[in-house]
Amino acid sequence: MEQQRIKFAKIGSNNWVEIAQPDEELSFDWETTYSEDSGRVQTGENYVKPLFTVEAYGYTNTQGLTVKEVSTILKFIAKGKKFKMWHFSPYYGEWRSDEFYVGQGNITIKTLKKGEERLQGLSFQLTGVKPI
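All of these numbers come straight from a predicted model, not from anything done at the bench. (Residues numbered from 1 in each chain as written. Predicted model: local features only at pLDDT ≥ 70, side-chain atom pairs only at ≥ 80, totals over all residues. Heavy atoms only, no water.)

Draft legend 1. Fine view of the overall build of the protein. A count of helices and strands for the protein gives 1 helix and 10 strands. N-terminal to C-terminal, the α/β element order of the protein is β-β-β-β-β-β-α-β-β-β-β. Overall, the C-alpha framework of the protein stretches about 65 × 35 × 25 Å when taken along its three principal axes. Taken as a whole, the protein presents about 9,200 Å² of accessible surface, with 49% of it coming from carbon and sulfur. Averaging the positions of the 17 positive and the 17 negative side-chain charges in the protein gives two centres separated by 10 Å. (Helix = DSSP H or I, 4+ residues; strand = E, 2+ residues; numbered from the N terminus. Areas by Shrake-Rupley, 256 points an atom, 1.4 Å probe, with all protein chains shown as cover. Lys, Arg positive; Asp, Glu negative; His and termini not counted. Charge placed at Lys NZ, Arg CZ, Asp CG, Glu CD.)

So, in structure tokens, the structure goes:
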């Protein structure tokens, strides 16, 4: 079977764009939000009321991306809007399409010599829009 690849698409579109793949490891995170009245009592026991949990991925690429590759990714993520991502979800145990957004990212610029611009790295966190 062919190797699956991470892809992005605009909401409402089925025009998938294969992005530059992350380094060998892609971190998977999840975060649960709890009600305001959750917390520990004086005995140390924790009383929690989970509201929802979202999945997130930490994307890092330090392989010397081209300016075009970074620009393609930024067109999807840079303004904090929702987009679709084709990804492997460890929670569901399958490749699937879900909506994500990115609130912050980082680019390391290697050189800005005109016509020879080079970027050393790109990193950001993709956070799921809908709870798992």
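Draft legend 2. Structural detail: the side chain of Ser-35. Structurally, Ser-35 is set in the loop between strand S3 (27–34) and strand S4 (39–40). One polar contact links Ser-35 to Asp-37, side chain to side chain, over a distance of 2.5 Å. Excluding residues that lie within four positions of it along the chain, Ser-35 makes contacts with Lys-49 and Leu-51. (Polar contact = N/O pair within 3.5 Å; in protein donor to acceptor, adjacent residues only side chain to side chain. Contact = heavy atoms within 4.5 Å.)

Draft legend 3. The arrangement of the packing of aromatic side chains in detail. This structure, assessed with the given rule, holds 10 aromatic pairs. Judged by centre distance (4.7 Å) and plane angle (55°), the rings of Phe-8 and Phe-83 are tilted. Here the residue Phe-8 occupies a position in strand S1 (residues 7–9), and Phe-83 occupies one in strand S7 (residues 83–89), the gap between them amounting to 75 residues. As far as the burial class goes, Phe-8 and Phe-83 line up, both buried. (Phe/Tyr/Trp six-rings, centres within 6.5 Å; stacked < 30°, edge-to-face > 60°. Buried < 20%, exposed > 50% of the residue type's maximum accessible area, 1.4 Å probe, protein only.)

Draft legend 4. Inspection of the pairing of S7 at higher detail. Among the 7 residues that make up S7, 5 are buried, leaving the element largely enclosed by the rest of the structure. Pairing geometry for S1 and S7, over 3 bridges, is antiparallel. Residue pairing in the sheet places Phe-8 in a bridge with Met-85 of S7. Pairing of S7 with strand S8 (residues 94–101), which is carried by 7 bridges, proceeds in the antiparallel orientation. In the sheet register, Met-85 faces S8, and the bridge partner there is Asp-98. (Pairing = 2+ DSSP bridges.)

Draft legend 5. Here's a closer look at the environment of Val-67. Here Val-67 shows up in helix H1 (residues 67–77). C-alpha of Val-67 to C-alpha of Lys-110: the two residues are 43 residues apart in sequence and 11 Å apart in space. Apart from residues no more than four positions distant in its own chain, Val-67 is found in contact with Glu-117 and Leu-119.

By themselves, these observations are geometric and do not establish any function.
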